[in-house]
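Examining the three-dimensional arrangement
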Amino acid sequence: MTTDLELFMLWNNGRQLEEQIIADIKEHYEIISLCEVSWSKEHFADNLARFYGKNLRKGRKKIKESGIGPFLLIVVADHSPLYYNGKNVKLTNSKYKYRQLFGGGYMVHASDCAKEAFENFLFLTGESLADFAENKKGSKNSFSDPVGVKPWQDEAEIRQILNKIPDCQAEFEKNPICIKTSDPNFTARLLNAKKCWFGKNLYKVSLNGQTHKIKIK
């Protein structure tokens, strides 16, 4: 039977119900790891916008709802996933059930499918979800700001993160640097690349103290 690695996130203002939600998760999933994530205040709004992949107007409304303190990332294994229209029905139902504990809102985030869980986890930690689950099962971990907050030091650092994306290839010898990937939007968010006003698929990143143009397609 297929097992899915998925995740839940409980934002800081929702941790008042942390024990209750974790207890319920244990009844339906295997908890692989509990991770505490602490984003710096100065980058919190930008981190939110990058995580959700949309303009949140600096995240003020979301920040007020979620709080800016440490939030909980819960990695789980779903040993009996049920999919409908590409989404894990169990995770979706659990997410809405937990949100109702707060009277609605978005205090709880959950991955809709294994692909989203992989992307969420890579963004939040810089690590492959499958490798993490295999090597750190049962452990408690802590993480800070997501990858890309600090300027990239060199090409090797960018290669290291891109190598964790399936079917992603980077050609650094080209000018501009060319990155071929199955999900350009996610790759751009992961690298914290800013869209250029001109040029198809053209972005810019801070690399080794300088601004470099890259193509992501």
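What this report covers is the structure whose coordinates are included nearby. (Residues numbered from 1 in each chain as written. Predicted model: local features only at pLDDT ≥ 70, side-chain atom pairs only at ≥ 80, totals over all residues. Heavy atoms only, no water.)

Turning our eyes to something else, we now look at unusual backbone geometry. Residue Pro-176 is reached from Asn-175 by a cis peptide bond, and omega for that bond is 5 degrees. Along the chain, Pro-176 turns up in the loop between β8 (169-171) and β9 (177-180). Although it is not a glycine, Asn-85 adopts a positive phi angle of roughly 55 degrees. Inspection of the secondary structure assignment puts Asn-85 in the loop between β4 (83-84) and β5 (87-88). (Helix = DSSP H or I, 4+ residues; strand = E, 2+ residues; numbered from the N terminus.)

This brings us to the packing of aromatic side chains. Tallied over the full model, the rule gives 11 aromatic pairs. With a centroid separation of 5.9 Å and an interplanar angle of 55 degrees, the aromatic rings of Phe-51 and Phe-123 are classed as tilted. Within this pair, whereas Phe-51 is found in helix α2 (residues 44-52), its partner Phe-123 is found in helix α5 (residues 114-125), the two being separated by 72 residues in sequence. Since its relative accessible area comes to 1%, Phe-123 is described here as buried. Put simply, the rings of Trp-11, Trp-39, Phe-44 and Phe-71 pair up and form one aromatic cluster. Between Lys-95 and the ring centre of Tyr-96, over which it is positioned, the NZ or CZ distance is 5.2 Å. Here Lys-195 stacks its cationic end above the ring of Tyr-203, 5.4 Å away from the centre of that ring. (Phe/Tyr/Trp six-rings, centres within 6.5 Å; stacked < 30°, edge-to-face > 60°. Buried < 20%, exposed > 50% of the residue type's maximum accessible area, 1.4 Å probe, protein only. Lys NZ or Arg CZ within 6 Å of the ring centre and 35° of its normal.)

Read across the open sheet, the 5 strands follow the order β8-β9-β12-β11-β10; overall the sheet is mixed. Strands at the two margins of the open sheet, each flanked by one partner only, are β8 and β10 (194-195). Bridging between β8 and β9 involves 3 bridges; their strand directions are antiparallel. By the bridge assignment for β9, Gln-169 is matched with Lys-180. Contacts from helix α8 (residues 184-191) reach β9, β11 (202-207) and β12 (210-216), with the element oriented near 165 degrees to β12. (Pairing = 2+ DSSP bridges. Contact = heavy atoms within 4.5 Å. Axes fitted to C-alpha atoms, helices over the stretch in contact; angles between N-to-C directions.)

For the rest of this paragraph, the subject is the packing of α2 against α5. Close contact between α2 and α5 brings their axes to 11 Å; oriented N to C, the two are set at 155 degrees. Classified by the angle between their axes, α2 and α5 sit roughly antiparallel to one another. Like other packed secondary-structure pairs, α2 and α5 cross with a definite hand, here right-handed. Here Asn-47, Arg-50 and Phe-51 of α2 lie close against α5, whose contacting residues are Asn-120, Phe-123 and Leu-124. (Parallel < 35°, antiparallel > 145°, perpendicular 65-115°, else oblique. Left-handed = near helix turned anticlockwise from the far one by under 90°.)

On the surface, a cluster of positive charge is contributed by Lys-180, Lys-200, Lys-215 and Lys-217. The class for Lys-180 is partly exposed, based on a relative accessible area of 37%. (Patch = residues over 30% accessible without salt bridge, like charges linked within 9 Å, V, L, I, M, F, W, Y side chains within 5 Å. Areas by Shrake-Rupley, 256 points an atom, 1.4 Å probe, with all protein chains shown as cover. Salt bridge = Lys/Arg side-chain N within 4 Å of Asp/Glu carboxyl O. Lys, Arg positive; Asp, Glu negative; His and termini not counted. Charge placed at Lys NZ, Arg CZ, Asp CG, Glu CD.)

Right, let's get into the environment of Leu-7. Within the secondary structure, Leu-7 sits in strand β1 (residues 4-10). Of the residues examined, Leu-7 reaches a relative accessible area of 0% and is grouped as buried. With 104 residues separating them along the chain, Leu-7 and Ser-111 place their C-alpha atoms 5.7 Å apart. In this view, Leu-7 contacts Leu-73, Ile-74, Val-75, Val-76, Leu-91, His-109, Ala-110, Ser-111, Ala-117, Asn-120 and Phe-121; residues no more than four positions away in its chain are not counted.

Below, the discussion takes up α2. Structural remark: α-helix, 3.6 residues per turn; residues separated by three or four positions point the same way. Looking at α2, one finds that the buried residues are Phe-44, Ala-45, Asn-47, Leu-48, Arg-50 and Phe-51. Here the buried face of α2 lies against β1, α3 (60-66), β6 (108-110), α5 and α8. Two residues or fewer after α2 comes Gly-53, characterised by a positive phi angle close to 70 degrees.

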